[in-house]
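Architecture at a glance
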Amino acid sequence: MRFQVLGPLEVWTGDDWASIGAPKWRSLLAALLVNAGQVVSTDRLITEIWSDEPPRGATNLVAVYALKLRRMLGDDDGKLLRHRAPGYLLAVEPEDVDSLRFGALVASGRRALATQQPERAAALLTEALGLWRGRPYMDARASDLVDAEVERLEAAQLDALELSFEAGLGCGQHAEVTPELFRLTADHPLREGLWGLLMRALDAAGRHAEALAAYARAREMIADELGVDPGEALQSLYEEILTEEAAPHPVVASSPPMQLPADIADFTGRGEDVDRLCELVPDEAGDGGAVKIAAVTGAGGLGKTTLAVHVAHRLRPHFPDGQVYVNLLGASPQPLAPGDVLARFLRELGVGGAQIPVDEAERAGLLRTRLTGRRILMLLDDARDAAQVRPLLPGSASCTVIVTTRNRLPDLPVTRLVDLNVLGGKEARALFTSIVGIGRANAEAAATDEVLTACAGLPLAIRIAGARLAARQSWTVAAMASRLHSEQRRLDELKAGDLAVRATFEVSFASLPRPVSTDRIDPARAFRLLGLWQGPAISLPAAAALFGQSDDNAADALEALVDAHLLESPAPDAYRFHDLLRVYAAERSQAEPEQIRRDAVRRILTWYLHTAEAAARVISPNNTRVPLGAAEPEVRPLAFASLEEALGWCEDERASLAAATGQASASGMHDIGWQLPAATGSFYYRRSHWADWEATHQIGLASARRLCDRPGEARMLHNLGMAYALQHRTQTITYFEQAVVIFREIGDREGAARAATGLATACFYLGHFRDALDASQRSLVLQREAGNRHGEGIALGDLGCACRELGLHDEAIVHHEQALAIFGELGDRDNESDSLSELASVYLRMGRVAEALDRLVESLAIRRDIGDRHGQALTLNLLGEALRRGGRPAEAVGPMTEAMRIFEELGDGEQAAEIRSGLATLTQPDGGGDTAEADRIDLVVAYPDM
């Protein structure tokens, strides 16, 4: 197909379906599609686009819009969208438009029914109805032409539904079509054809009394609305059923119901859950106490029904009076009514149709009477809510009930609650191996791991992937892994026969509740918007920004998704998707108009940017700030009262901050693409997250360059230089030199001074101490010229470090003491602790161990207070070295061991290994001896803008 109108208006671009972003283009295309294959005059098109108020030059604008549409459709030669006087014509075939294809399929289905081919008719009509994605032309501008076409198509859809039910009855699917017919007769009470189909379905299922009651409801509604009786066809059907009901029926001795579905032969895992549920054996007496009720909850595809059926078969010997089973269709658009289920249970327990009460409460009472003292296991599959289950419950403790549901049922009193999650690694592999065979799985162990990773522990996905491989012995496991590699294709691949992961998710999605009021966000829309976010998790405030809602409104929608098992909540106000649900949500998000999607993404990225900058103001208050404008009213960034709170938020959101940076760049929001790394740089520095620092700033550098934003480019180059300097990587020189050049070009003297200071630091870390001394002296001059006291302190610290390494110890002490005074004046505790450690290092070089120890104790106290773990490790290691040199090697072990542990936690294996080697020398009589290399202790050097 080229065009889709049975829902939002979309066109096929050759790669994917795309919406029409401009409303006026949509109006033009809608008018041409309504009159597909016919010439639509330019005057009519002008009316469709602008109504009664066309602009001057409207005729030319129509031509421009037509040209834009041709380009979007790849119709450069004008064969599809043709200019034909006095207007335009869209030359399409029936297979090009979903509405035309729908009509052709329905016509074929009608012919199949007329020739007594109900199975073929059912297949054709199911395919036709499957083309519908919502209200036709739902995003097109309302007009007389469009409204009339929408009304025609919706009437055709209802006719097709009637035909599909007719085909279903012809295939013997009486029970399957009944729930939907109940819903449709409620929505369209004057369509006698639907009432007749409902009566026939009920009667064919043996529910004669309900069929007669359906006629009574139809007659009442038609009389109330039209003041007439039902037509002759409906009356004749009523008389036919009434005559059949009055006829005598032979009494048949009833045997115990044994209705459990077949158990799964390769049931795997869930051992603990099986054991807990198998404890639901009824009391021996069975005449007192509460009924034992188990609830098995979880998302679609987790194997709730499989587990419940397996347990039910294990429990069968304890229930000699029978086992009853019903699928309550709770996740479908029309769940079974409790009254209908009660009537079915009563018939299965030997109650004749004429003896079944009409009233639901009376039916429930009769069921409890029939079950009293009888050992019956009741399996209620796919319940919607507690209200659907409660009338079906027995009153006798001799019975046991197992309920499965996708929704949480907090108001149902349960004896056992099993809330299923995905399978663990061993269980997932065991299930996959049981399907494809242990030899095949083990022969391609790495590919098996890839398949299981793609299936993300979802039993249904694992079973489908295994079943496809089992049916294709020539396929390798690697071939299956390759097909599952693409997230865009993954759900397409995870289907086999009537099993499909996407279909399972769609059932849960379709059953989401509607919002309680118009000012609340629809949970379904919240789900779609969540599919736009590419981070691993989302907090309540971030979701509120994404939705453009208050925290309270966002929380209601998020909790509705959690209750429906479409979202997980690992902690209060924290949410995340199962991996495959994330893919499904991303698919669903495309149903939102492009501008809505873009606005939502910008809101959440803006929220992260402003919140990260608020954290940076607390973490490094003296740093240069990111140039931010005001956030829109729907974006309410967080504020932080303490350093611990700011660092804690950054640590919790670390993965999401990196994801937000990548998404900003990929979405073309390059301003946020470089500003967000700039805002998070102080956190990365404080916690030594080198990989995140480098990755996000490389993205930021590319974004700044895409924007030709020279200040942003210089900022990213400067920060990358710092990241590489801390890792002693030679690229640092290049980045700082490029930053200096740009800062000078744009006249940013303060920026140039900062970059010059960074260059000095880089030289120091690379061991170029004479270059570091020269660069530090130049940096100090620039910082003083710029009047930047903070930068002056940094330059003095770098100058002191260079002097120390060149043996100029007295000069080094003077420079570090000057830096210490400046940072104390500014209240910069981070750099104050650095200066104290640097002074200690110089004192150690001079053999003044006692003074070094005093400074190190002061420095360590500050580092612990501000949460600088990398600095703590460096200072602890230096403290151990000072103790060793002071003749106290036993006392040195503690701080050095703690330093090694912190470096290991930070992923700095090289530093940890060096300390481990130093610890080994402490047992030597002279403490391992002092060498020139051992004397050189590299400390973290304070950096500007970190």
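Residues numbered from 1 in each chain as written. Predicted model: local features only at pLDDT ≥ 70, side-chain atom pairs only at ≥ 80, totals over all residues. Heavy atoms only, no water.

Another aspect to go through is the overall build of the protein. What the protein contains, in helices and strands, is 43 helices and 16 strands. Along the longest, intermediate and shortest principal axes, the C-alpha atoms of the protein span 115 × 85 × 55 Å. Looking at the protein as a whole, 52% of its 946 residues are labelled buried. For the protein, the proportion of contacts with a sequence separation of at least 24, taken over those separated by at least 6, is 68%. In the form shown here, the protein has an accessible surface area of approximately 40200 Å², with 50% of it arising from carbon and sulfur atoms. Distance between charge centres in the protein, computed from 97 positive and 134 negative side chains, equals 3 Å. (Helix = DSSP H or I, 4+ residues; strand = E, 2+ residues; numbered from the N terminus. Buried < 20%, exposed > 50% of the residue type's maximum accessible area, 1.4 Å probe, protein only. Contact = heavy atoms within 4.5 Å. Areas by Shrake-Rupley, 256 points an atom, 1.4 Å probe, with all protein chains shown as cover. Lys, Arg positive; Asp, Glu negative; His and termini not counted. Charge placed at Lys NZ, Arg CZ, Asp CG, Glu CD.)

Let's shift gears to the packing of helix H34 (residues 749–765) against helix H35 (residues 769–786). At a closest axis distance of 8 Å, the pairing of H34 and H35 adopts a crossing angle of 160 degrees. Put simply, H34 runs roughly antiparallel to H35. Read as a crossing pair, H34 and H35 show a hand that is left-handed. Residues Arg749, Glu750, Ala752, Ala753, Arg754, Ala756, Thr757, Ala760, Cys763 and Phe764 of H34 lie in contact with H35, whose contacting residues are Phe769, Asp771, Ala772, Ala775, Ser776, Ser779, Leu782, Gln783, Glu785 and Ala786. Grouping the amino acids of the contact of H34 with H35 by side-chain chemistry returns eleven nonpolar, four polar and five charged. (Axes fitted to C-alpha atoms, helices over the stretch in contact; angles between N-to-C directions. Parallel < 35°, antiparallel > 145°, perpendicular 65-115°, else oblique. Left-handed = near helix turned anticlockwise from the far one by under 90°. Nonpolar A, V, L, I, M, F, W, Y, C, P; charged D, E, K, R; others polar.)

Attention shifts here to H34. With 17 residues, H34 should reach 24 Å at 1.5 Å per residue; the first-to-last C-alpha distance of 25 Å fits that figure. Taking burial as the measure, the 17 residues of H34 include 15 buried ones, the bulk of the element. One or two residues past the end of H34 sits Gly767, with phi positive at roughly 85 degrees. (Expected span 1.5 Å × (residues − 1).)

Read from one edge of the open sheet, three strands run S1-S2-S3, paired in antiparallel fashion. On the outer flanks of this sheet lie strand S1 (3–4) and strand S3 (17–19), each paired with one strand and no other. Note: S1 against strand S2 (residues 10–12), two bridges, orientation antiparallel. Bridge pairing in S2 places Phe3 opposite Val11. (Pairing = 2+ DSSP bridges.)

This part takes up the packing of helix H31 (residues 690–707) against helix H32 (residues 710–726). With their axes 9 Å apart at the nearest point, H31 and H32 run at an angle of 160 degrees to one another. Considered as vectors, H31 and H32 are oriented roughly antiparallel to each other. The handedness of the crossing between H31 and H32 is left-handed. Mapping the contact onto sequence places Trp690, Trp693, Glu694, His697, Gln698, Gly700, Leu701, Ala704 and Arg705 in H31 and Gly712, Glu713, Met716, Leu717, Asn719, Leu720, Met722, Ala723, Tyr724 and Leu726 in H32.

With that out of the way, let us pick up helix H28 (residues 643–652). Taken together, the buried positions of H28 are Leu643, Ala646, Leu647, Trp649 and Cys650. Along the axis of H28, the buried residues cluster in a sector spanning 160 degrees; they form a single face. Facing away from the buried side of H28 by more than 90 degrees, the exposed set consists of Glu644 and Asp652. Those residues of H28 that are buried lie in contact with helix H27 (594–619), helix H29 (654–666), helix H30 (670–687) and helix H39 (849–866). (Arc of directions from axis to C-beta.)

Once that is clear, we can look at the side chain of Ser164. Looking at the secondary structure, you find Ser164 in helix H6 (residues 144–170). A distance of 2.7 Å separates a polar side-chain atom of Ser164 from the backbone oxygen of Leu161. Excluding residues that lie within four positions of it along the chain, Ser164 makes contacts with Leu125 and Leu129. (Polar contact = N/O pair within 3.5 Å; in protein donor to acceptor, adjacent residues only side chain to side chain.)

Attention now moves to the environment of Ala574. Mapped onto the fold, Ala574 is located in strand S16 (residues 574–576). Separated by 153 residues in the primary sequence, Ala574 and Asn421 have C-alpha atoms spaced 17 Å apart. Setting aside residues up to four positions removed in sequence, Ala574 forms contacts with Ile538, Glu568 and Ser569.

Tallying each qualifying case throughout the model produces 20 aromatic pairs. Between Tyr608 and Trp649, the aromatic rings sit 6.2 Å apart at their centres with planes inclined by 35 degrees, giving tilted as the arrangement. Of this pair, Tyr608 sits in helix H27 while Trp649 sits in helix H28; the two residues are 41 residues apart in sequence, bridging distant segments of the chain. The pair Tyr608 / Trp649 is uniform in exposure class, with both members buried. An aromatic cluster is built from Phe505, Phe509, Phe527, Phe577 and Tyr584, whose rings are joined through pairwise contacts. Above the plane of the ring of Trp475 lies Arg472, whose end atom (NZ or CZ) is 5.1 Å from the centre. (Phe/Tyr/Trp six-rings, centres within 6.5 Å; stacked < 30°, edge-to-face > 60°. Lys NZ or Arg CZ within 6 Å of the ring centre and 35° of its normal.)

The subject of this paragraph is unusual backbone geometry. Residue Pro86 is reached from Ala85 by a cis peptide bond, and omega for that bond is 10 degrees. Along the polypeptide, Pro86 turns up in the loop between strand S5 (81–84) and strand S6 (87–90). Notably, Asp573 is not glycine yet its phi reads approximately 65 degrees, a positive angle. By the element assignment, Asp573 lies in the loop between strand S15 (568–571) and S16. Exposure remark for Asp573: the relative accessible area of 44% places this residue in the partly exposed category.

In spatial order, the strands read S4-S6-S5; together these three strands make up an open sheet with antiparallel pairing. The two strands at the open ends of the sheet, each matched to only one other strand, are strand S4 (39–41) and S5. Pairs of neighbouring strands in the sheet enclose a mean axial angle of 30 degrees, with direction left out of account. Sheet topology places S4 next to S6; three bridges connect them, and they run antiparallel. Residue pairing for S6: Val39 is matched across the bridge by Leu89. Set on the sheet, helix H2 (residues 42–50) makes contact with S4 and S6; between it and S4 the angle comes to about 70 degrees. Running over the sheet, helix H3 (residues 58–73) touches S5 and S6 and is turned about 150 degrees from S5.

Taken as a whole, this structure holds 61 salt bridges when the rule is applied. Two residues, Glu348 and Arg344, come together in a salt bridge whose shortest N-O distance is 3.0 Å. Of the two residues, Glu348 and Arg344 are both situated in helix H13 (residues 338–348); the distance of four residues between them amounts to about one turn of the helix. With a relative accessible area of 22%, Glu348 lands in the partly exposed category. Note that Glu651 and Arg654 form a salt bridge whose closest N and O atoms lie 3.9 Å from each other. (Salt bridge = Lys/Arg side-chain N within 4 Å of Asp/Glu carboxyl O.)

Moving on, we get to the nonpolar core. The biggest cluster of nonpolar side chains holds 189 residues, and the ones touching the most others in it are Val501 and Phe547. Among the elements that make up this core, the one with the highest residue count is H27 (eleven residues). Discounting chain neighbours no more than four positions away, the residues touching Val501 are Leu458, Leu460, Ala461, Ile464, Leu491, Leu494 and Leu580. Among the nonpolar cores identified, the runner-up in size contains 75 residues, and Leu29, Trp50, Ala58 and Leu80 belong to it. (Core = buried A, V, L, I, M, F, W, Y, C linked by side-chain atoms within 4.5 Å.)

This part takes up the state of the cysteines. Under the criterion given, the structure shown has zero disulfides. Not part of a disulfide, Cys801 finds its nearest cysteine sulfur in Cys803, a span of 9.4 Å. (Disulfide = S-S within 2.5 Å.)

So, on to a negative patch on the surface. A surface patch of negative charge is lined by Asp551, Asp552, Glu559, Asp563 and Asp573. Position of Asp551 among the secondary structure elements: in helix H25 (residues 551–563). (Patch = residues over 30% accessible without salt bridge, like charges linked within 9 Å, V, L, I, M, F, W, Y side chains within 5 Å.)

The next thing to look at is the pairing of S6. As paired strands, S5 and S6 are joined by four bridges and run antiparallel to one another. Along S6, the bridge assignment pairs Leu81 with Leu90. The hairpin formed by S5 and S6 contains two residues between the paired strands.

Nothing here speaks to function; it is all geometry.
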